[in-house]
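# Structural characterization, general
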Amino acid sequence: SQWGEENLQALSIQEGEDVTMNCSYKTYTTVVQWYRQKSGKGPAQLILIRSNEREKRSGRLRATLDTSSQSSSLSITGTLATDTAVYFCATDANTNKVVFGTGTRLQVLP
Amino acid sequence: EAAVTQSPRNKVTVTGGNVTLSCRQTNSHNYMYWYRQDTGHGLRLIHYSYGAGNLQIGDVPDGYKATRTTQEDFFLLLELASPSQTSLYFCASSRDWAYEQYFGPGTRLTVL
């Protein structure tokens, strides 16, 4: 079973719009990592947020973590066509390994 | 930037065949991982290692062996390949388990 699950499987938006993807997990996690995978490539980490953090930003990206509801979100502001990718959250369930969700496929139309 | 390479990039074999996938990382990371990626399942952890000679079982280990010969090199072995092992395989490395993972470009394996 997946410890971290993205809440939406696929999104299609227009370039310039903002988007938020959500991830819920089933048990305590030490970290939540958000990865992006573009077509034909391996995943690449976008943001890592630890359990004692509530928010982390990186450029147009913003990740939040709510440990009480066991959920995390990744927001992208002013999306670009190059943001088209699959986005994964990954959690660890307080073990020494990371488990990836099934991913949200984001399509940004130019 | 972390560099993880995989070989081969594509492999076709027959049922019952013997396959070895190779992975090398050049950033002195302690942890290395093997994942498979299938539509609808995301990335699933097969095996991982936290150092040369160490091997840990992941979430979908059946039918796979792995060996970490050096800090740099991690191999995935399919000794009797089956069509269910047709997949895209990724290797990754990280400094520690709760840190960023750096992924290789992937190996597409087809078992006929």
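Anything mentioned here points back to the structure above.
It should be emphasised that the depicted structure is a prediction, and the values quoted were computed from it without experimental measurement. (Residues numbered from 1 in each chain as written. Chains lettered and ligands numbered in written order. Predicted model: local features only at pLDDT ≥ 70, side-chain atom pairs only at ≥ 80, totals over all residues. Heavy atoms only, no water.)

## Topic: the interface of chain A and chain B
Across the boundary between the two partners, chain A contributes 23 residues, which contact 22 residues of chain B. Taken together, both faces of the contact between chain A and chain B bury some 1700 Å²; the carbon and sulfur share is 53%. The largest per-residue losses of area from chain A upon contact with chain B belong to A:Asn96, A:Lys97 and A:Phe100, which jointly make up 32% of the total buried on that side. Our count for the chain A to chain B interface comes out at 1 salt bridge. Linking B:Asp59 and A:Lys97 is a salt bridge whose minimum nitrogen-to-oxygen distance equals 2.7 Å. Across the contact surface, chain A and chain B share 3 residue pairs in polar contact (both at pLDDT 80 or more). For the side of chain A that touches chain B, the elements supplying multiple residues, two or more each, are β4 (31-37), β5 (44-50) and β10 (99-100) of chain A. (Contact = heavy atoms within 4.5 Å. Buried area = accessible area lost by both parts, 1.4 Å probe. Salt bridge = Lys/Arg side-chain N within 4 Å of Asp/Glu carboxyl O. Polar contact = N/O pair within 3.5 Å; in protein donor to acceptor, adjacent residues only side chain to side chain. Helix = DSSP H or I, 4+ residues; strand = E, 2+ residues; numbered from the N terminus.)

## Some points on the nonpolar core
Counting residues in hydrophobic clusters, the biggest one holds 21 residues, and the most contacted among them are A:Met21, A:Trp34, A:Leu74, A:Ile76, A:Tyr87 and A:Leu106. For this core, the secondary-structure elements that each account for two or more residues are β2 (10-14), β3 (19-25), β4, β5, β7 (61-66), β8 (71-76), β9 (85-91) and β11 (104-109) of chain A. Looking at which element gives the most residues to this core, the answer is β3(A), with 4 residues. Once residues lying within four places of it in the same chain are set aside, the contact partners of A:Leu106 are A:Leu11, A:Ile13, A:Val19, A:Met21, A:Ile76, A:Asp83, A:Thr84, A:Ala85 and A:Tyr87. The next biggest cluster of nonpolar side chains, apart from the first, holds 20 residues, and it includes A:Tyr35, A:Phe100, B:Ala92 and B:Ala98. (Core = buried A, V, L, I, M, F, W, Y, C linked by side-chain atoms within 4.5 Å. Buried < 20%, exposed > 50% of the residue type's maximum accessible area, 1.4 Å probe, protein only.)

## Details of unusual backbone geometry
The general pattern is negative phi for most residues beyond glycine and trans for most peptide bonds. Note that the residue after B:Ser7, namely B:Pro8, is joined by a cis bond; omega there is -10°. Look at A:Gln70: it is not a glycine, yet its phi comes out positive at around 55°. Turning to its location among the elements, A:Gln70 is positioned in the loop between β7 and β8. For A:Gln70, a relative accessible area of 25% corresponds to the partly exposed category.

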